[in-house]
Amino acid sequence: MNIRYRIEQVGDLPPVLAAVLGIFVLALLVGVVWGLLWLPDHTKLRSPAARERAQRREESQKRQKKLRSRRESLQRKAGRR
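None of the values given here were measured: they were computed from a predicted structure. (Residues numbered from 1 in each chain as written. Predicted model: local features only at pLDDT ≥ 70, side-chain atom pairs only at ≥ 80, totals over all residues. Heavy atoms only, no water.)

Taken together, the side chains of R70, R76, K77, R80 and R81 present a region of like positive charge at the surface. Looking at where R76 falls in the secondary structure, it is placed in helix α3 (residues 48–80). (Patch = residues over 30% accessible without salt bridge, like charges linked within 9 Å, V, L, I, M, F, W, Y side chains within 5 Å. Areas by Shrake-Rupley, 256 points an atom, 1.4 Å probe, with all protein chains shown as cover. Salt bridge = Lys/Arg side-chain N within 4 Å of Asp/Glu carboxyl O. Lys, Arg positive; Asp, Glu negative; His and termini not counted. Charge placed at Lys NZ, Arg CZ, Asp CG, Glu CD. Helix = DSSP H or I, 4+ residues; strand = E, 2+ residues; numbered from the N terminus.)

Once that is clear, we can look at a nonpolar patch on the surface. Together, V10, L21, F24, V25, L26, L28, L29, V32, L36 and L39 make up an exposed nonpolar region whose accessible area comes to about 960 Å². Structurally, L21 can be placed in helix α2 (residues 15–37). With relative accessibility at 37%, the residue L21 sits in the partly exposed group. (Buried < 20%, exposed > 50% of the residue type's maximum accessible area, 1.4 Å probe, protein only.)

Take the pattern of salt bridges next. A pair can form between side chains of opposite charge whenever their charged atoms are brought close. This structure, assessed with the given rule, holds 1 salt bridge. Among the salt bridges present, the one from R56 reaches E52, with a minimum N-O distance of 2.9 Å. Of this pair, R56 and E52 both sit in helix α3, 4 residues apart, which is roughly one turn of that helix. The exposure class of R56 is partly exposed, given its relative accessible area of 45%. Owing to a relative accessible area of 45%, E52 belongs among the partly exposed residues under this scheme.

Coordinates in, geometry out; function isn't part of it.
Here it is, written out as structure tokens:
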């Protein structure tokens, strides 16, 4: 059975039954979207300790990036001499 045959089968249903089927499909889609929107955000850090660690890590990465760029700049300067 291909999809065209299935669509023709739905088209042959009485109008009331086709409307009920359509409403059911729409309600199913709305339910899936609503469920996905209300899932908890797994990327959000819930514990204060985890938030603090993430903040420290971010600051550390910024410091390391500045140090790395300064070191590379000094090496380029020394290479030009």
